[in-house]
Amino acid sequence: MKNSNRIIAGIFIIFLFLSLVVNIVLPDNLYSESEKRELDQMPDFTLDTVISGDFTSKFDKYASDQFFGRDTWVFAKGLSQYLIGQKKLNGVYITEDRYIRELVVNKERLENNLDAILKLAEKSGKPVTLLVVPEASTIYEDNLPLGETSKENHVIDRVYEKLGGKINIVYPKDILQENKDEYIYFNGDHHWTMKGAYYAYSQMMGTDKAYNFITVAGDFKGTMVTKAGVKLPWIPLDKIEVPEEITNDYFAISVNRDGSDADGEMFYPEFLGEFDKYRYFQGGDQPLMAIGSVGKGASFVLKDSFANVMLPYLALDNEVTYVADTRYNRQSPSEYAKTMNVDEIILIYSPDSLCNEFSLVNLGN
Amino acid sequence: MVFSSISFLFYFLPCVILLYFISPRRLRNAILAVSSLIFYAWGEPRYILIMLFSTVVDYTCGKLIAREQSKGKSGKVFLIASIVINLSVLGFFKYYNFLAGNIMALFGMSNVGLLDITLPIGISFYTFQTMSYTIDVYRKNVGAQKSIINFATFVTLFPQLIAGPIVKYTDIAEELDNENRGSADMFSEGVARFIAGLGKKVLLANNIGILWDTVQSTPIAEMSVLYAWLGIIAFAFQIYFDFSGYSDMAIGLGKMFGLTFPENFNYPYISQSITEFWRRWHMTLGSWFREYVYIPLGGNRVNVPKHIRNILVVWLLTGIWHGANWNFLLWGVYYGVILLIEKLFLQNILRKLPRVFRHVYSILFILLGWVLFAFEDMTTGVAYLKIMFGNASFVNQKAIFDFLSYLPMLIILGVLSTPIKDKIMKIGFFKKIAPVVVPVMAIAVLLLSVAYLVESGYNPFLYFRF
């Protein structure tokens, strides 16, 4: 016992002092790619910050954020939790072959958001379509751990009860479930793929236009993998697949940020080399876009990020498609729809956004 | 500062160890005292003054008592002064708002007299420790400490400062004055003990704590009977592994600096009666109350009514020591009453029953006790109890999912709550492989704990209240 204690103590002391030195010597990082957030920095050391306790609380965060090999430690923690039987880490189910976001239903916010949608329909006087993009937890409900179900039913019930007959509701659960063995949702990201969006689009528009999907990038580590904190080696990284037939040549896009216009694209190949490859589509969420294309008529799309893979199909059908995101754009959607004289308003949201995105109340402005 | 943090483990501790061991022996207590002040000031710079005040008061009272006694007098005045000052400080910071709030509620007044005070960390622990000093000097159990540095080291000593064990001055008086204390073996033993405690707190308590948090925050309508039992079992494990892990870390750190602290836990959940439970749970608190309250009141060497009074007084105090709230008071009285019943007749009956029954009986009442303890809002606590006894569906999906998710963890916790591993280590084969396996396990626990601390989204600390 004495000897093994000495070995333990020896390693402990070496580890402590080595870590101290390494942590001091290694330069601090500003940003964590894998966690998608800015890391805490060394706080100011002054008499005031020390007495108020500000220094110490910030130092604690700094010390863990800047600990050497942070990503490896985070992985070790996640893996150990998974191995001890935790099948849901940080709101993400880790199933046999995919990471699935848990839907948390905020009933009160859901009601407020649905009310806002009703208001939008009344105030704009335009035909409104709501496309509810099923959560991966609904399509792959069989994969969830024993005892867990998707909580989407409640959301859909409320959507039909409240909005049925007043607006057009599209809920492509069945067609997606029929094709669930295809690559219609990412394994490691909460979004659906452009192929998933295609099935929804074909149901919505009643077309069966065929597309040839090609892979433009692999090695996409989705948000759910990061959120769970553990990348299991047997669940492959994702790839980005798009229809060969749809290219940037079909679109002329103007992006409005903070009141000034700039040219945009439908697809951004430069993001395929970056961490967040989902930004390949329109460069990520934009506050306001006007997409010109080869079809007829004008639509106004209000949406969350699930719509980004749907927009290429929709925009092709219109002469102009206006796209707004309530998170970054506070102006009244009904006023905008009237000003732009659009033919219809299309809302594209996941149940998660309907339940948890507080900015959706602005739809009723 | 808490032990289970990167700041402590990878900045504070290596610096203190380095300074302590390169300094000449006569300066080491001073190094410990100064580091302890920094440790304390880390979270609450302002309240350091209260601790220093307490140190000076009790040091002076101790000296004055000794001086009076050397003149043949009793020195009682200074003992009373010390006790009154200590209890007033504790009373003001811990109980003022509770008392004022209740008095005003009684007279139907709004909360006008409440003060914006936060509880100084560890005040319940260190006031008890300093009081033990003056009482023991008065009782001539120990001589007065001559060096204010050594005394300040005792009061502020960071290993046991904020969550015990409650170290009486007599426990470490000799070691404190001995400049040649400690050895490489004692240091190594301390490190091993510290790592074990760190693992208990970070890997076990925090993880099962997540389950308790989940259950606790579940709306009543979504509860089931089994889910409520699962929740309170999770809480029972959390509080044991959290508290005993913290004590292990404290005892280990003490050993690293050549100080032997008393043990605080001895597998409480294997108890065969509630009386036994309290001999195994938070032992230093129990022995403090026994020595400084129960026995001075006459203990059990008085007539039955007085004996009953003594038990109830001790348990009322034990309850309220845990927090200024009705639920803690009730929790204390709950145990006082059970212990009385056991003393009066139940233990005689229990003794004749099978072991299994005694164990189930003990666990059941311990768990019910934890419900009282866990819910500061007693209406919620009562609603929770009702669910445990059938006021909900028997089982629901949530209960199945969480039970399955935590089953391996619950098994590990159950096994580690018993001395099975100590018995296994005595078997020949395991004894042989121990020199390799034990260090490997310890290092694995250390590294995994660090992984949890680095990703420290969830590292609550249960004992700030005490």
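Note on numbering: residues in each chain are counted from 1, in written sequence order. All chains are assigned letters beginning with A, and all ligands numbers beginning with 1, in the order in which they are written. Reporting in this predicted model follows two pLDDT cut-offs: at least 70 for local features of residues, and 80 or more for side-chain atom pairs to be given and counted; totals over whole chains, interfaces and linings ignore these cut-offs and use all residues.

Observations concerning the overall build of chain A
From N to C terminus, chain A includes 13 helices and 15 strands. Judged by the C-alpha coordinates and their principal axes, chain A covers about 80 × 50 × 40 Å. Contact between two residues is assigned when their C-beta atoms, built from the backbone, lie within 7 Å. Nonlocal contacts in chain A, meaning residues at least 24 apart in sequence, comprise 69% of its contacts between residues at least 6 apart. Counting from the N terminus, the helices are the DSSP runs of H or I reaching at least four residues and the strands are the DSSP runs of E reaching at least two.

A word on the overall build of chain B
Within chain B, the regular secondary structure consists of 18 helices and 0 strands. The reference for a compact globule is 2.2 Å times residues^0.38; the radius of gyration itself is calculated from the C-alpha atoms. Here the C-alpha radius of gyration of chain B, 23 Å, is about what a compact globule of 466 residues would show, namely 23 Å. Considered along the principal axes of its C-alpha atoms, chain B spans approximately 70 × 60 × 50 Å. The burial criterion counts other C-beta atoms lying within 10 Å of a residue's C-beta, which is placed from the backbone; the residue is buried at 20 or more, exposed at 12 or fewer, and partly exposed between these limits. Expressed as a percentage of its 466 residues, the buried residues of chain B come to 43%. Across chain B, every contact between residues at least 6 apart in sequence was considered, and the portion connecting residues at least 24 apart equals 75%.

Observations regarding the packing of helix H5 (residues 107–124) of chain A against helix H7 (residues 152–163) of chain A
All names here are of chain A. One way to put it is that H5 packs onto H7 with a least axis distance of 11 Å and a crossing angle of 35°. Our pair here, H5 against H7, has a crossing hand that is right-handed. For the pair formed by H5 and H7, the contact residues are Leu110, Leu114, Ile117 and Leu118 on the first element and Val155, Arg158, Val159, Lys162 and Leu163 on the second. As a working rule, the residues Ala, Val, Leu, Ile, Met, Phe, Trp, Tyr, Cys and Pro are called nonpolar, Asp, Glu, Lys and Arg charged, and the rest polar, with Gly in that last group. Across the contact of H5 with H7, the residue classes tally to 7 nonpolar, no polar and 2 charged. To obtain an axis, a line is fitted to C-alpha atoms, over the contacting stretch when the element is a helix, and the angle between two such axes runs from 0 to 180 degrees between their N-to-C directions. Helix crossings are classified by the rotation of the near helix relative to the far one: an anticlockwise turn of less than a right angle makes the crossing left-handed, while a clockwise turn makes it right-handed.

Things to note about the packing of helix H1 (residues 2–25) of chain A against helix H18 (residues 428–454) of chain B
When two helices pack together, their arrangement is given by the angle between the helix axes and the distance between those axes. It is at 9 Å that the axes of H1 of chain A and H18 of chain B come closest, and there the two elements cross at 30°. Viewed along their axes, H1 of chain A and H18 of chain B adopt a mutual orientation that is roughly parallel. Judged by the twist between their axes, the crossing of H1 of chain A over H18 of chain B is right-handed. Contacts between H1 of chain A and H18 of chain B involve Asn3, Ser4, Ile7, Ile8, Ile11 and Phe12 of chain A on the former and, on the latter, Ala434, Pro435, Val438, Pro439, Ala442, Ile443 and Leu446 of chain B. Geometric relationships in this document are graded by angle, where less than 35 degrees denotes roughly parallel, more than 145 denotes roughly antiparallel, 65 to 115 denotes roughly perpendicular, and other angles denote oblique.

Describing the interface of chain A and chain B
Where the parts come together, the accessible area they lose is often given as the size of the interface. Counting residues at the interface gives 41 residues for chain A and 42 residues for chain B. It is H1 of chain A that provides the largest number of residues to the side of chain A that touches chain B, a total of 15 residues. Residue composition of the side of chain A that touches chain B, grouped by class: 19 nonpolar, 14 polar and 8 charged.

Some points on the nonpolar core
Of all hydrophobic cores here, the largest spans 134 residues; its most connected members are Val191, Ile195, Ile208, Ala234 and Ala236 of chain B. Take this core: its biggest share by element is 20 residues, from helix H9 (residues 225–256) of chain B. What Ile208 of chain B contacts, discounting residues up to four positions off in sequence, is Ala234, Phe237, Gln238, Met409 and Leu413 of chain B. As used throughout, a nonpolar core is a set of buried Ala, Val, Leu, Ile, Met, Phe, Trp, Tyr and Cys residues joined through C-beta atoms within 7 Å of each other. Judged by nonpolar contacts, the second largest core, of 72 residues, contains Ala121, Val128, Ala136 and Leu360 of chain A.

What about the sheet that holds strand E13 (residues 298–303) of chain A?
Residue and element names in this part refer to chain A. Each pair of strands is called paired provided DSSP finds at least two bridges between the two strands. Taken together, the 8 strands give an open sheet; going across it, the order is E7-E6-E15-E13-E14-E12-E10-E11, and neighbouring strands pair in mixed fashion. Every other strand in the sheet has two partners, leaving strand E7 (168–170) and strand E11 (260–264) as the edge strands with one partner each. Averaged over all pairs of adjacent strands, the angle between strand axes in this sheet comes to 20°, irrespective of strand direction. When strand E10 (residues 252–257) meets E11, the two strands line up antiparallel, connected through 5 bridges. The partner of Ile253 across the bridge, within E11, is Gly264.

Some thoughts on the sheet that holds strand E3 (residues 88–89) of chain A
Residue and element names in this part refer to chain A. Here we have 3 strands laid out as an open sheet, ordered E3-E4-E5, and antiparallel in their pairing. Strands at the two margins of the open sheet, each flanked by one partner only, are E3 and strand E5 (99–101). Both strand E4 (residues 92–94) and E5 contribute to a ladder of 3 bridges, which runs antiparallel. Bridging across to E5, Val92 finds its partner in Arg101.

Some remarks on the domain arrangement of chain B
All names here are of chain B. Domain limits in this description derive from either an automatic procedure or a database domain assignment. Splitting chain B by domain gives domain 1 (6–181) and domain 2 (186–454). Computed from C-alpha atoms alone, the centre-to-centre distance between domain 1 and domain 2 is 26 Å. Those elements that place two or more of their residues in the side of domain 1 that touches domain 2 are helix H1 (6–22), helix H4 (76–106), helix H5 (123–138) and helix H7 (169–177). Looking at the side of domain 1 that touches domain 2 element by element, the count peaks at 4 residues for H5. Taken together, the residues of the side of domain 1 that touches domain 2 sort by class into 13 nonpolar, 4 polar and 4 charged.

Description of H7 of chain B
Residue and element names in this part refer to chain B. Taken together, the buried positions of H7 are occupied by Tyr169, Asp171, Ile172 and Leu176. Along the axis of H7, the buried residues cluster in a sector spanning 130°; they form a single face. Buried residues along H7 sit in contact with helix H2 (28–41), H5 and helix H6 (148–156). Our arc is simply the arc of the directions from the helix axis toward the C-beta atoms.

Thoughts on helix H12 (residues 304–321) of chain B
Residues and elements named next belong to chain B. Here the expected length of a helix is defined as 1.5 Å per residue gap, with one fewer gap than residues. Over its 18 residues, H12 extends 26 Å from the first C-alpha to the last, a length consistent with the 26 Å expected when each residue adds 1.5 Å. Of the positions making up H12, those classed as buried are Asn310, Ile311, Val314, Trp315, Thr318 and Gly319. In an axial view of H12, the angular spread of the buried residues amounts to 165°, which keeps them on one side of the axis. On the buried face of H12, the contacting elements are helix H11 (283–294) and helix H13 (326–352).

A look at unusual backbone geometry
Positioned with a positive phi, Asn341 of chain A is a non-glycine residue whose angle comes to about 55°. Locating Asn341 of chain A in the fold gives a position in the loop between helix H12 (333–339) and strand E15 (344–349). Here Asn341 of chain A falls in the exposed class, since 9 other C-beta atoms lie within 10 Å of it. Unlike most non-glycine residues, Tyr267 of chain B shows phi in positive territory, near 45°. By the secondary structure assignment, Tyr267 of chain B is in the loop between H9 and helix H10 (274–280).

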